[in-house]
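Results of the structural survey
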Amino acid sequence: YQLLNEHLTEGCTTQAEWTMLNWLCHALIGWNYWIGNVSELQALCKSPQIASNTIKGLTDKGLIRILHKDRPDRGNRVILVSPVLAWKGAYAFRNNSQTRWYT
């Protein structure tokens, strides 16, 4: 929470980006992976356009990465959250994941 709050208070993220990133961090299925449908992300925002802009903003800032898009069905997403911000599971793999994230 501290790092997420610092991003918000220093103006690095908007309120919508903070809300989505916070939700993604809590909804990880394992390590730093979130798997779901874009409709879940749109439900967090007031409109699909805001959700799209929020995802783009987080991607441009390097806080998330979209690993897979529209596979196997349209709307499905596999999103990676920065391992510095959130991690769920065996911490033995976290350092290796952080190294890969920044190279």
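Here the structure is shown first, and the text comes after it.
Reference entry: report on the structure contained in this document. Please read all numbers here as calculations on a predicted model, not as lab measurements.

Some remarks on the overall build of the chain
In terms of regular secondary structure, the chain is built from five helices and three strands. Taken from N to C terminus, the helices and strands of the chain fall in the order α-α-β-α-α-β-β-α. C-alpha extents for the chain along the principal axes are approximately 40 × 40 × 25 Å. Here the chain has roughly 6,200 Å² of accessible surface; of this, 54% comes from carbon and sulfur atoms. Each charge sign in the chain was given a centre, from 11 positive and 7 negative side chains, and these centres are 5 Å apart.

Describing the packing of aromatic side chains
Geometrically, a pair of aromatic rings is defined through the distance of the ring centres and the angle of the planes. Overall, the coordinates contain three aromatic pairs when judged by the stated rule. Each ring, one from Trp31 and one from Phe93, has its centre 5.1 Å from the other, and the planes form 40 degrees; the classification is tilted. Pair noted here: Trp31 is in the loop between helix 2 (15–26) and strand 1 (33–37) and Phe93 is in the loop between strand 3 (76–81) and helix 5 (94–101), with a separation of 62 residues, a long-range link. Overall, Phe93 belongs to the partly exposed group, its relative accessible area being 43%. Put simply, the rings of Trp31, Trp87 and Phe93 touch in pairs and so form one group of aromatic residues.

A look at the layout of surface pockets
Within this model, the largest pocket holds a volume of roughly 160 Å³. Val38, Gln42, Pro48, Ala51, Ser52, Ile55, Lys56, Ile66, Lys69 and Arg77 are the residues that line the largest pocket. In terms of residue count, helix 4 (residues 48–60) provides more of the lining of the largest pocket than any other element does, five residues in total.

Here's the deal with the side chain of Asn76
Residue position: Asn76 is located in strand 3. Discounting chain neighbours no more than four positions away, the residues touching Asn76 are Gly36, Asn37, His68, Lys69, Asp70 and Arg71.

Rules and cut-offs
Residues numbered from 1 in each chain as written. Predicted model: local features only at pLDDT ≥ 70, side-chain atom pairs only at ≥ 80, totals over all residues. Heavy atoms only, no water. Helix = DSSP H or I, 4+ residues; strand = E, 2+ residues; numbered from the N terminus. Areas by Shrake-Rupley, 256 points an atom, 1.4 Å probe, with all protein chains shown as cover. Lys, Arg positive; Asp, Glu negative; His and termini not counted. Charge placed at Lys NZ, Arg CZ, Asp CG, Glu CD. Phe/Tyr/Trp six-rings, centres within 6.5 Å; stacked < 30°, edge-to-face > 60°. Buried < 20%, exposed > 50% of the residue type's maximum accessible area, 1.4 Å probe, protein only. 1 Å grid on protein atoms, 1.4 Å probe; cavity = no way out; pocket = protein on both sides within 12 Å on 5 of 7 lines; lining within 4 Å. Points joined across faces, edges and corners; volume = space filled by probe spheres on them. Contact = heavy atoms within 4.5 Å.

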